[in-house]
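Coordinates in review
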Amino acid sequence: MTASSWYSHEQIILSSFVFAIVLTLSCAAMGLYRRSLSLQDYNLLARTSVSFAIALIILIAIYYFIPEFLIGRSVLVAAIFFALVSIVITRDLFYKFVNLETFKNRVLVIGSGSKASKLSEINNSFIHKGFQVVGFIGFSGEQATVDQQETINYDNENIRAIAEELKVDELVVALDDNRRFMPLKSLLDCKMSGFKVTDMVSFYEREQGIISLEHTYPGWLIFCDGFAQGGLRVWEKRLFDLLASGLLLIVTWPVMLITVLAIYIESRGHGPIFYRQIRVGEEGKNFEVLKFRSMRCDAEKNGVQWAQTQDDRVTDVGAIIRKYRIDELPQIFNVFNGQMSFVGPRPERPEFVSGFEERIPYYRERHRVKPGITGWAQLCYPYGASEDDTVQKLQYDLYYVKNYSLFLDISIMFNTVEVVLWGKGAR
């Protein structure tokens, strides 16, 4: 093999590798590998088409700056076409003909009360359901709320034998009263026999990506793994923040410039372009967050209030930049200053935080890390405009604080593209 043919062969492999990586990351950014998509949100053809369009733009940029990876125009068009058709067809056939039930964990729930009934509902809207409840162990004296046909009455029976008969993969303890009904000997027998036994908090954490406030207690938080801070994590996260924010600034500066001009023209030069607002940061310290102004200058003449759907305080330009999160872009400079991270809990106003800490358990724990431009809660839950929404989002924030890793940050960053392009969660 000559040197030129070896170089050509090596170049083809590298170009193919770049094509595959860009396409995979683009699909991931559109949520095509996320199991929490509802059937309504999934929209296979639209998501796949957008992901391929993004991939094509990125590939063109790579070919421009690194010509060594350039492939023939006809080859690129053919590769894009066949990859698009293949993904749509294979995924459509997979969901039509493959029995997804075989991929789920078979779960036997210990309990038949209100907690147990919620387990059969938490992922009903998911395309990729993580588990299948095969039965409930009911106890005399426990107020049953689950389907009686799925309930197995416990009368000192061998739970291990039931689990073996039902071919169970996991047992989840979901008792309304652990002190009265907990079958310790039977569960210990199952554990020692190789069955996985899980408490509800850990089960919710794994299946929904939350720390369930309804079922969490201080003892679990104290003894569970996670919530590690300090050490190399600080430097690792700071480096990621600078790189991610710098990349975002390079990509979005034209959008930011257009936004500045649009706000200036709409306000006829009489209102500020940027909006500065006090927010609560790491360790409860206040800082001034920077955003594009999306509301009238007199938006809070009657005091601090939640943003609402169809809020009449929002300007015409503001409605557009809020929908696509463009108003958040100036927070890049808060990241450069070290006041925020690229990924983290959403920073809230001190007027709200003081009340939340009094009424919502564990709320102050979200301030263990720096707030972020984007985050796990912003990705998984729509925009919150009430205290109940704040409680729901706190569960995602606690999950992020507990399970922080560089991989999680990168995953959130990529999936934020989906939220922005689909206009989800904005108000």
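Above this text sits the structure in question.
The text that follows walks through the structure, step by step, so that each part is easy to find. (Residues numbered from 1 in each chain as written. Predicted model: local features only at pLDDT ≥ 70, side-chain atom pairs only at ≥ 80, totals over all residues. Heavy atoms only, no water.)

Along the backbone of the protein there are 17 helices and 9 strands. Relative to its full complement of 427 residues, the protein shows a buried share of 44%. Considering only contacts in the protein between residues 6 or more positions apart, those separated by 24 or more positions represent 75%. Summing over all exposed atoms, the protein offers an accessible surface of approximately 23,100 Å²; the carbon and sulfur share of this is 60%. (Helix = DSSP H or I, 4+ residues; strand = E, 2+ residues; numbered from the N terminus. Buried < 20%, exposed > 50% of the residue type's maximum accessible area, 1.4 Å probe, protein only. Contact = heavy atoms within 4.5 Å. Areas by Shrake-Rupley, 256 points an atom, 1.4 Å probe, with all protein chains shown as cover.)

One pass over the full model with this rule turns up 13 aromatic pairs. One aromatic cluster is present, formed by Phe-139, Tyr-154 and Phe-181 through successive ring pairs. (Phe/Tyr/Trp six-rings, centres within 6.5 Å; stacked < 30°, edge-to-face > 60°.)

It is worth spelling out the side chain of Asn-334 at this point. Looking at the secondary structure, you find Asn-334 in helix α13 (residues 331–336). Within polar-contact distance, the side chain of Asn-334 engages the side chain of Gln-339 at 2.7 Å. Setting aside anything within four residues of it in sequence, one finds Asn-334 in contact with Phe-287, Glu-288, Val-289, Leu-290, Gln-339 and Met-340. (Polar contact = N/O pair within 3.5 Å; in protein donor to acceptor, adjacent residues only side chain to side chain.)

Judged by pairing direction, the sheet is parallel, and its 5 strands sit side by side in the order β3-β2-β1-β4-β5 without closing on themselves. Of all strands in the sheet, those bounded by a partner on one side alone are β3 (151–154) and β5 (196–199). Between one strand axis and the next, the sheet turns by 30° as a mean value, whatever way the strands run. Where strand β1 (residues 105–110) meets strand β2 (residues 131–139), 6 bridges bridge the pair, whose relative direction is parallel. Of the residues in β2, the one forming a bridge with Val-107 is Val-133. Running at roughly 95° to β5, helix α9 (residues 200–208) makes contact with β1, β2, β4 (170–173) and β5 of the sheet. (Pairing = 2+ DSSP bridges. Axes fitted to C-alpha atoms, helices over the stretch in contact; angles between N-to-C directions.)

This brings us to the pattern of salt bridges. When the charged atoms of two side chains with opposite charge come close together, those side chains can pair. On inspection of all chains with the given rule, the structure shows 17 salt bridges. One salt bridge in this structure joins Lys-237 and Asp-409, with 2.8 Å as the shortest N-O distance. In this pair, Lys-237 sits in helix α11 (residues 232–266) while Asp-409 sits in helix α17 (residues 406–422), placing the two residues 172 residues apart along the sequence. Accessibility classification places Lys-237 together with Asp-409 in one group, the buried group. Its salt-bridge partner being Arg-359, residue Glu-387 comes within 2.8 Å of it at the nearest N-O pair. Residue Glu-387 is located in helix α16 (residues 387–403), and its partner Arg-359 is located in helix α14 (residues 350–359); the two are separated by 28 residues in the primary sequence. Connected via shared salt-bridge partners are Lys-291, Asp-327, Glu-328 and Arg-346. (Salt bridge = Lys/Arg side-chain N within 4 Å of Asp/Glu carboxyl O.)

At a minimum axis distance of 12 Å, the contact between helix α3 (residues 44–65) and α17 shows a crossing angle of 110°. With respect to α17, the axis of α3 lies roughly perpendicular. Between α3 and α17 the crossing geometry is right-handed. Of the residues in α17, those touching α3 at Ala-46, Arg-47, Val-50 and Ile-54 are Val-417, Glu-418, Leu-421 and Trp-422. For the contact of α3 with α17, the per-class residue count stands at 6 nonpolar, no polar and 2 charged. (Parallel < 35°, antiparallel > 145°, perpendicular 65-115°, else oblique. Left-handed = near helix turned anticlockwise from the far one by under 90°. Nonpolar A, V, L, I, M, F, W, Y, C, P; charged D, E, K, R; others polar.)

Turning to the nonpolar core, a few remarks are in order. Of all hydrophobic cores here, the largest spans 50 residues; its most connected members are Val-109, Leu-119, Trp-376, Tyr-400 and Ile-412. Considering every element that reaches this core, the biggest residue donor is α16, with 6 residues. If near-sequence neighbours (up to four positions away) are discounted, Ile-412 is found in contact with Val-343, Thr-374, Gly-375, Trp-376, Leu-379 and Tyr-400. Counting 17 residues, the second-largest nonpolar core is a separate cluster that includes Ile-110, Ile-162, Leu-187 and Phe-195. (Core = buried A, V, L, I, M, F, W, Y, C linked by side-chain atoms within 4.5 Å.)

Right, let's talk about the side chain of Ser-341 for a bit. Along the chain, the position of Ser-341 falls in strand β8 (residues 341–343). A polar contact of 3.1 Å, which involves the side chain of Ser-341, links it to the side chain of Asp-241. With near-sequence residues (within four places) excluded, Ser-341 lies in contact with Lys-237, Asp-241, Val-335, Lys-370, Pro-371, Gly-372 and Ile-373.

Taken together, the buried positions of α9 are occupied by Met-200, Val-201, Phe-203, Tyr-204, Glu-205 and Glu-207. Measuring from the side-chain oxygen of the N-cap residue of α9 to the backbone nitrogen of Val-201 gives 3.1 Å; that N-cap residue is Asp-199. Positive phi appears at Gly-209, one or two residues downstream of α9, with a value of about 70°.

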